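Examining the three-dimensional arrangement
Take a look at the letters that make up each chain.
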Amino acid sequence: REFVSDIGSEADRLTRMTQKLLTLNRAESAEVQHEIVDLSVTLSSVFRMLVPLADKAQIKLTAKVDRDCTILAFEDDAYQIMFNLVENGIKYNHSGGCVHVTVSHTQEDVELLVEDTGMGIPQAAIEHIFERFYRVDKARSRQAGGSGLGLSIVHELVERNFGSIAVSSEEGKGTHFTVRMPYFALEEDEDDA
(Lines give C-alpha, C1' and ligand atoms only; values in the text may rest on other atoms or scores of the structure.)
Protein backbone atom coordinates (compact mmCIF):
# COMPACT_ATOMS: atom_id res chain seq x y z
CA ARG A 1 0.00 0.00 0.00
CA GLU A 2 2.84 2.35 0.81
CA PHE A 3 4.38 1.84 -2.65
CA VAL A 4 1.02 2.37 -4.36
CA SER A 5 0.58 5.61 -2.40
CA ASP A 6 4.09 6.75 -3.41
CA ILE A 7 3.38 5.94 -7.06
CA GLY A 8 0.13 7.92 -6.89
CA SER A 9 1.90 10.92 -5.37
CA GLU A 10 4.63 10.82 -8.02
CA ALA A 11 2.03 10.57 -10.79
CA ASP A 12 0.24 13.64 -9.38
CA ARG A 13 3.55 15.54 -9.19
CA LEU A 14 4.43 14.65 -12.79
CA THR A 15 0.96 15.69 -13.96
CA ARG A 16 1.39 19.10 -12.29
CA MET A 17 4.84 19.49 -13.83
CA THR A 18 3.51 18.57 -17.30
CA GLN A 19 0.72 21.14 -16.96
CA LYS A 20 3.25 23.82 -15.99
CA LEU A 21 5.50 22.95 -18.95
CA LEU A 22 2.51 23.20 -21.27
CA THR A 23 1.69 26.62 -19.81
CA LEU A 24 5.27 27.76 -20.47
CA ASN A 25 5.13 26.42 -24.01
CA ARG A 26 1.87 28.28 -24.69
CA ALA A 27 3.35 31.45 -23.20
CA GLU A 28 6.29 31.26 -25.60
CA SER A 29 4.41 30.40 -28.77
CA ALA A 30 0.83 31.64 -28.58
CA GLU A 31 -0.47 34.56 -30.54
CA VAL A 32 -2.46 36.24 -27.81
CA GLN A 33 -5.37 38.64 -28.06
CA HIS A 34 -4.94 41.07 -25.21
CA GLU A 35 -8.05 42.35 -23.47
CA ILE A 36 -8.91 44.79 -20.72
CA VAL A 37 -8.44 43.03 -17.37
CA ASP A 38 -9.53 44.45 -14.02
CA LEU A 39 -7.05 43.04 -11.50
CA SER A 40 -9.47 43.44 -8.59
CA VAL A 41 -11.81 40.92 -10.25
CA THR A 42 -8.90 38.60 -11.01
CA LEU A 43 -7.67 38.79 -7.41
CA SER A 44 -11.14 37.89 -6.10
CA SER A 45 -11.07 34.73 -8.23
CA VAL A 46 -7.57 33.84 -7.05
CA PHE A 47 -8.52 34.29 -3.38
CA ARG A 48 -11.64 32.14 -3.82
CA MET A 49 -9.47 29.32 -5.14
CA LEU A 50 -6.70 29.67 -2.53
CA VAL A 51 -8.66 30.33 0.68
CA PRO A 52 -9.02 26.56 1.37
CA LEU A 53 -5.24 26.07 1.03
CA ALA A 54 -4.57 29.11 3.24
CA ASP A 55 -7.07 27.92 5.87
CA LYS A 56 -5.54 24.44 5.93
CA ALA A 57 -2.05 25.96 6.41
CA GLN A 58 -3.39 28.52 8.91
CA ILE A 59 -2.21 31.43 6.76
CA LYS A 60 -4.12 34.72 6.78
CA LEU A 61 -4.87 36.20 3.32
CA THR A 62 -5.43 39.97 3.14
CA ALA A 63 -5.66 42.49 0.32
CA LYS A 64 -5.81 46.21 -0.38
CA VAL A 65 -7.04 47.02 -3.87
CA ASP A 66 -7.44 50.40 -5.55
CA ARG A 67 -10.37 50.97 -7.87
CA ASP A 68 -9.91 50.77 -11.63
CA CYS A 69 -6.67 48.79 -11.72
CA THR A 70 -7.07 47.83 -15.36
CA ILE A 71 -4.40 46.54 -17.69
CA LEU A 72 -4.32 45.38 -21.29
CA ALA A 73 -3.31 41.73 -21.00
CA PHE A 74 -4.38 38.17 -21.56
CA GLU A 75 -6.85 37.41 -18.75
CA ASP A 76 -5.57 33.87 -18.11
CA ASP A 77 -2.02 35.25 -17.80
CA ALA A 78 -3.07 37.81 -15.17
CA TYR A 79 -4.82 35.04 -13.21
CA GLN A 80 -1.83 32.68 -13.44
CA ILE A 81 0.62 35.40 -12.32
CA MET A 82 -1.45 36.24 -9.24
CA PHE A 83 -2.29 32.62 -8.46
CA ASN A 84 1.33 31.43 -8.55
CA LEU A 85 2.65 34.30 -6.42
CA VAL A 86 -0.08 34.01 -3.77
CA GLU A 87 0.11 30.19 -3.74
CA ASN A 88 3.89 30.37 -3.18
CA GLY A 89 3.33 32.85 -0.36
CA ILE A 90 1.05 30.31 1.29
CA LYS A 91 3.13 27.18 0.61
CA TYR A 92 6.45 28.61 1.77
CA ASN A 93 5.11 30.29 4.89
CA HIS A 94 4.72 29.13 8.48
CA SER A 95 1.55 28.36 10.41
CA GLY A 96 0.05 31.62 11.62
CA GLY A 97 1.76 33.60 8.86
CA CYS A 98 0.25 36.08 6.44
CA VAL A 99 0.12 36.81 2.71
CA HIS A 100 -0.87 40.37 1.81
CA VAL A 101 -1.65 41.51 -1.73
CA THR A 102 -1.74 45.17 -2.75
CA VAL A 103 -3.02 46.28 -6.16
CA SER A 104 -2.61 49.97 -6.96
CA HIS A 105 -2.05 52.22 -9.95
CA THR A 106 -0.45 55.43 -11.05
CA GLN A 107 -1.12 57.19 -14.34
CA GLU A 108 1.44 54.92 -15.99
CA ASP A 109 1.49 51.58 -14.16
CA VAL A 110 -0.54 49.08 -12.22
CA GLU A 111 1.47 47.55 -9.40
CA LEU A 112 0.81 44.14 -7.89
CA LEU A 113 2.66 43.57 -4.61
CA VAL A 114 2.55 40.13 -2.99
CA GLU A 115 4.15 40.08 0.47
CA ASP A 116 4.49 37.08 2.74
CA THR A 117 5.85 36.41 6.21
CA GLY A 118 7.41 33.12 5.19
CA MET A 119 10.87 31.62 5.19
CA GLY A 120 12.35 34.07 2.69
CA ILE A 121 14.86 33.41 -0.07
CA PRO A 122 18.65 33.39 0.45
CA GLN A 123 20.35 36.29 -1.35
CA ALA A 124 22.50 33.87 -3.38
CA ALA A 125 19.34 32.28 -4.80
CA ILE A 126 17.49 35.49 -5.75
CA GLU A 127 19.15 35.76 -9.17
CA HIS A 128 18.14 32.17 -10.04
CA ILE A 129 14.52 31.95 -8.90
CA PHE A 130 13.06 32.72 -12.34
CA GLU A 131 15.08 29.92 -14.00
CA ARG A 132 13.21 26.78 -15.03
CA PHE A 133 13.42 23.90 -12.54
CA TYR A 134 15.34 26.00 -10.00
CA ARG A 135 14.25 25.32 -6.42
CA VAL A 136 15.67 27.18 -3.45
CA ASP A 137 15.09 24.40 -0.90
CA LYS A 138 14.80 21.18 -2.85
CA ALA A 139 13.57 19.10 0.09
CA ARG A 140 10.88 21.59 1.11
CA SER A 141 9.89 22.29 -2.52
CA ARG A 142 9.27 18.62 -3.19
CA GLN A 143 7.28 18.33 0.05
CA ALA A 144 5.15 21.35 -0.94
CA GLY A 145 4.63 20.01 -4.46
CA GLY A 146 7.07 22.44 -6.11
CA SER A 147 8.58 21.69 -9.51
CA GLY A 148 10.73 24.77 -9.96
CA LEU A 149 8.49 26.01 -12.79
CA GLY A 150 6.01 28.36 -11.09
CA LEU A 151 8.21 31.46 -10.95
CA SER A 152 9.63 30.90 -14.44
CA ILE A 153 6.02 30.79 -15.70
CA VAL A 154 5.25 34.03 -13.82
CA HIS A 155 8.33 35.70 -15.34
CA GLU A 156 7.41 34.64 -18.91
CA LEU A 157 3.79 35.75 -18.51
CA VAL A 158 4.71 39.12 -17.00
CA GLU A 159 7.12 39.85 -19.86
CA ARG A 160 4.71 38.87 -22.61
CA ASN A 161 2.17 41.27 -21.10
CA PHE A 162 4.61 44.23 -21.26
CA GLY A 163 5.42 44.10 -17.55
CA SER A 164 8.34 43.69 -15.17
CA ILE A 165 8.81 41.69 -11.98
CA ALA A 166 11.17 42.28 -9.05
CA VAL A 167 11.75 40.42 -5.81
CA SER A 168 13.20 41.32 -2.44
CA SER A 169 13.52 38.89 0.42
CA GLU A 170 14.98 38.42 3.86
CA GLU A 171 15.58 34.94 5.19
CA GLY A 172 13.27 34.10 8.06
CA LYS A 173 11.17 37.24 7.54
CA GLY A 174 9.49 36.91 4.17
CA THR A 175 9.46 37.79 0.49
CA HIS A 176 8.01 40.65 -1.57
CA PHE A 177 7.24 40.25 -5.28
CA THR A 178 6.44 43.42 -7.23
CA VAL A 179 4.86 43.16 -10.68
CA ARG A 180 4.36 46.30 -12.77
CA MET A 181 2.27 46.45 -15.93
CA PRO A 182 1.14 49.42 -18.01
CA TYR A 183 -2.07 50.99 -16.70
CA PHE A 184 -4.90 51.00 -19.23
CA ALA A 185 -7.33 53.78 -18.30
CA LEU A 186 -10.93 53.15 -19.27
CA GLU A 187 -12.55 56.07 -21.06
CA GLU A 188 -15.75 57.36 -19.49
CA ASP A 189 -18.69 57.22 -21.89
CA GLU A 190 -20.03 60.70 -22.46
CA ASP A 191 -23.42 60.20 -24.10
CA ASP A 192 -25.31 63.30 -25.18
CA ALA A 193 -28.84 63.04 -23.81
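Calculation rules
- Residues numbered from 1 in each chain as written.
- Predicted model: local features only at pLDDT ≥ 70, side-chain atom pairs only at ≥ 80, totals over all residues.
- Heavy atoms only, no water.
- Helix = DSSP H or I, 4+ residues; strand = E, 2+ residues; numbered from the N terminus.
- Buried < 20%, exposed > 50% of the residue type's maximum accessible area, 1.4 Å probe, protein only.
- Expected span 1.5 Å × (residues − 1).
- Bend = angle between axes of the 7 residues up to and from the residue.
- Contact = heavy atoms within 4.5 Å.
- Pairing = 2+ DSSP bridges.
- Axes fitted to C-alpha atoms, helices over the stretch in contact; angles between N-to-C directions.
- Core = buried A, V, L, I, M, F, W, Y, C linked by side-chain atoms within 4.5 Å.
- Left-handed = near helix turned anticlockwise from the far one by under 90°.
- Nonpolar A, V, L, I, M, F, W, Y, C, P; charged D, E, K, R; others polar.
- Parallel < 35°, antiparallel > 145°, perpendicular 65-115°, else oblique.

What follows is about the environment of Arg160. Note on placement: Arg160 falls in helix H6 (residues 150-160). By relative accessible area, which is 19% here, Arg160 ends up buried. Along the sequence, Arg160 and Phe74 sit 86 residues apart, while their C-alpha atoms lie 9.2 Å from each other.

Another point: helix H2 (residues 39-57). Since the α-helix packs 3.6 residues into each turn, any two residues three or four apart lie on the same face. The end-to-end C-alpha distance of H2, which contains 19 residues, comes to 25 Å, matching closely the 27 Å that a straight helix rising 1.5 Å per residue would cover. Maximal helix bending in H2 amounts to about 45 degrees, located at Leu50; proline Pro52 follows within four positions. Turning to H2, its buried residues are Leu39, Thr42, Leu43, Val46, Phe47, Leu50 and Ala54. Next to the buried residues of H2 lie strand E1 (35-38), strand E2 (60-65), strand E3 (70-73), helix H3 (75-91), strand E4 (98-105) and strand E5 (109-116).

Here we come to the side chain of Asn84. Examined against the element boundaries, Asn84 turns out to sit in helix H3. Look at Asn84 and you get buried, because its relative accessible area is 5%. Not counting residues up to four positions away in its chain, the partners in contact with Asn84 are Gly150, Ile153 and Val154.

Spatially, the 5 strands line up as an open sheet ordered E2-E4-E5-E7-E6, and their pairing is mixed. Here the strands that pair on one side only, and so sit at the sheet edges, are E2 and strand E6 (164-170). For this sheet, the mean inter-axis angle between neighbouring strands, taken without regard to orientation, is 10 degrees. In the sheet, E4 pairs with E5 via 7 bridges, with the strands oriented antiparallel. In the sheet register, Val103 faces E5, and the bridge partner there is Leu112. Packing against the sheet, H2 makes contact with E2, E4 and E5, and its axis sits at approximately 175 degrees to E2. Running at roughly 145 degrees to E6, H6 makes contact with E6 and strand E7 (174-182) of the sheet.

Our next topic: the nonpolar core. In this structure, Ile81, Leu85, Val86, Val103 and Leu112 are the most contacted members of the largest nonpolar core, which totals 40 residues. Contacts of Ile81, omitting those with residues within four sequence positions, involve Leu112, Val154, Leu157, Val158, Val179 and Met181.

Where burial is concerned, most of H6 is hidden: 8 out of the 11 residues are buried. Among all positions in H6, only Gly150, Leu151, Ser152, Ile153, Val154, Leu157, Val158 and Arg160 are buried. Backbone geometry just after H6 places Phe162 at a positive phi near 65 degrees.

What follows deals with the packing of H3 against H6. At a minimum axis distance of 9 Å, the contact between H3 and H6 shows a crossing angle of 145 degrees. Pair H3 / H6 crosses with left-handed handedness. Within the contact between the two elements, H3 uses Asp77, Gln80, Ile81, Asn84, Leu85 and Asn88 and H6 uses Gly150, Leu151, Ile153, Val154, Leu157, Val158 and Arg160. Across the contact of H3 with H6, the residue classes tally to 7 nonpolar, 4 polar and 2 charged.

Look at H2 against H3: their axes get within 9 Å of each other, and the N-to-C directions meet at 25 degrees. Here H3 runs roughly parallel to H2, going by the angle between their axes. As H2 packs across H3, the resulting crossing turns out to be right-handed. Within the contact between the two elements, H2 uses Leu39, Thr42, Leu43, Ser45, Val46, Phe47, Met49, Leu50, Leu53, Ala54 and Ala57 and H3 uses Ala78, Tyr79, Met82, Phe83, Val86, Glu87, Ile90 and Lys91. Tallied by class, residues from the contact of H2 with H3 come to 15 nonpolar, 2 polar and 2 charged.

It is worth stressing that arrangement in space is one thing and function is another; only the former is reported here.
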